[in-house]
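# Notes for the structure review
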Amino acid sequence: MDRYASGAANGVFSKPSCARFCAWACLFALIALASEMIAPEYLNPDHAKFIFIIGTIGMWRYGNAVVHYLRGMYFLHWKFPRLRRQVDRMGDAALPGHMYMVVTSFRIPTHTTFKVYQSVFQEVQRLNVPCTVIASIVEKGDEQFIKTIMRNEVQGRADIKLIIVRARGTGKRDGLAHAFRALSRQMPLENSVVGVVDGDTMMLPHCVERAVKLFAALPNVGGLTTNEYCQVEGSTLMREWHSMRFVQRHINMCSMALSHRVLTLTGRLSFFRASVMIDPDFIKDVEADFLEHWRLGRFQFLTGDDKSSWLSLMRAGWDTFYVPDSHTLTVEHPPDSNFLRATRQLMFRWYGNSLRQNFRATTLLGRARLGLFTLYVLYDQRLSMWTCLMGLTASVFAGLIFGMQYLLVYLFWVLLSRTLVTLMFVFSGHPVSPAYPFVLYYNQIVGSVMKVYAMFHMDQQSWTRQKTTLSNGSVNFDAALNRWSSKAMMFSSIAVFFGVISVLLELTQR
């Protein structure tokens, strides 16, 4: 991570060194205190109760995490640097013939809009190729504002142009489709590249150049996404939660990039070959994507345009990739001032999109297109929501039935394991906080609950910024039947889950 990105990532929310040292010291002291509360026989490998604490399920979950981590570190510290040196040797020959930047803005605060477009124009000013910026906006006032920013930032470059597209304000998908059709009318060259930027994402210096040059070295890659840091306009806890998620994203992206199968082309900033973007099928996928569900029928996607673009590329035979040294800074605006409500809303949207994508990707693409590892990861996503809840549920039940030592051992294990995971984050290049073990566990437990709910309510969608929801157009009877069947299947699955926990607890006591 370069100096500018490091400063932006840590920014104003970095704690003084002394305070951070004290926080880490308190964390390790808490672990030591928790270890003293456990009876020694519960940590004896020869003791039957030890099997309950470790468990084959826990070993499987951590085995998956270790595989992702090792793959990610191999890609980040060995595989990708070799690719970067190869691209650097190509010099300006790796640049595209023309660069297009599509920026979508809707209900973004003015100060954020200024920073975003300023970074866009600064990046195209640095790039030694003709550039066209396509701004998809809703409000008329944004047009003059953007033109003013361009006049201030672009100097001596007649080959940099601005195209304004007025969308209807009915959602990001419509805004993107309007911009993509405007792009098609420009008839881009075969070797042109298009960057798609969200209205709350600032590009850090040389972000575009580092990303677009990779297309010359990776002819089978149709789209790639970038490394994100965040600036959160919210509470300290909200900032820690967001930054922790970006560390996890970075590691998982690196792991999947090793197979050229990054699972999403993030809507914040991704780059595509122009030939992909002007394909009518691609535009249709982004504008009006839908899912055919065996129980809920057919319904359109309100959010998740990044999942639609990914599936469209994969279906067309393209690979997807991740660029860890192309840095962006996203401005996060929590949908609610309350931490619990805000995180639940965000997780419901994110995980709902992932699950809708998951089920159709495995069906439409299969092993031949996805590869064995990617197919395994997608199937594992469906199970992880349950396995993450098993430890907590079993420990609470065991504590109530057999003794509170079980629960104490579990809490010690949670504190120790999440701290070790946090320490491993250090090698990712992202900032690490002593609060991560706690927000990591919160994200796993509450996130699993939200995944379970989203899996049985896939037709329920909402857009946190626009405060809109999607109606599937069903008549009252069909809508009521869907609601009741969703609740019935969810509670049936929960009952089966508790039954499995009861059987496992019984087996550990024999």
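Before reading on, note that the structure itself is shown above.
Just so it is clear, the model here is predicted, and its values are computed rather than measured.

### Some remarks on helix 5 (residues 110-126)
Its 17 residues place the ends of helix 5 24 Å apart at the C-alpha level, agreeing with the 24 Å of an ideal helix rising 1.5 Å per residue. Within the sequence span of helix 5, burial applies to Thr 112, Thr 113, Val 116, Tyr 117, Ser 119, Val 120, Phe 121, Glu 123 and Val 124.

### Focus on the environment of Asp 285
Of note, Asp 285 is situated in helix 12 (residues 280-287). Placed 27 residues apart in sequence, Asp 285 and Ser 312 show a C-alpha to C-alpha distance of 6.6 Å. When residues no more than four places from it in sequence are discounted, the contact partners of Asp 285 are Arg 173, Ser 308, Ser 312 and Arg 315.

### Section: empty space enclosed by the protein
To find leftover empty space, a probe the size of one water molecule is rolled over the atoms. Summed over the entire model, instances satisfying the criterion amount to five cavities of 30 Å³ or more. Of the volumes computed, that of the second largest cavity is approximately 100 Å³. As for the second largest cavity, its lining consists of 14 residues, of which Leu 176, Val 196, Phe 272, Asp 305 and Ser 309 are closest to the centre. Those elements that place two or more of their residues in the lining of the second largest cavity are helix 7 (172-185), strand 7 (269-273), helix 12 and helix 13 (305-315). When grouped by side-chain class, the residues that make up the lining of the second largest cavity number seven nonpolar, four polar and three charged.

### Description of the pairing of strand 9 (residues 297-300)
Two faces belong to every sheet, and in a regular strand the side chains alternate between them. Sheet analysis places strand 8 (residues 290-293) next to strand 9, joined by four bridges and oriented antiparallel. Bridging from a neighbouring strand, His 293 pairs with Gly 297 of strand 9. As consecutive antiparallel partners, strand 8 and strand 9 are separated by three residues.

### Topic: the sheet that holds strand 5 (residues 201-203)
Reading across from one edge, 3-2-1-4-7-6-10-5 is the order of the eight strands in this open sheet, with mixed pairing throughout. Two strands bound the open sheet, and with one partner strand each, they are strand 3 (160-166) and strand 5. Here the average twist between neighbouring strands, direction ignored, is 25°. Where strand 6 (residues 221-232) and strand 7 come together, three bridges link them in antiparallel fashion. Bridging across to strand 7, Leu 224 finds its partner in Phe 271.

Rules of the game
- Residues numbered from 1 in each chain as written.
- Predicted model: local features only at pLDDT ≥ 70, side-chain atom pairs only at ≥ 80, totals over all residues.
- Heavy atoms only, no water.
- Helix = DSSP H or I, 4+ residues; strand = E, 2+ residues; numbered from the N terminus.
- Expected span 1.5 Å × (residues − 1).
- Buried < 20%, exposed > 50% of the residue type's maximum accessible area, 1.4 Å probe, protein only.
- Contact = heavy atoms within 4.5 Å.
- 1 Å grid on protein atoms, 1.4 Å probe; cavity = no way out; pocket = protein on both sides within 12 Å on 5 of 7 lines; lining within 4 Å.
- Points joined across faces, edges and corners; volume = space filled by probe spheres on them.
- Nonpolar A, V, L, I, M, F, W, Y, C, P; charged D, E, K, R; others polar.
- Pairing = 2+ DSSP bridges.
- Axes fitted to C-alpha atoms, helices over the stretch in contact; angles between N-to-C directions.

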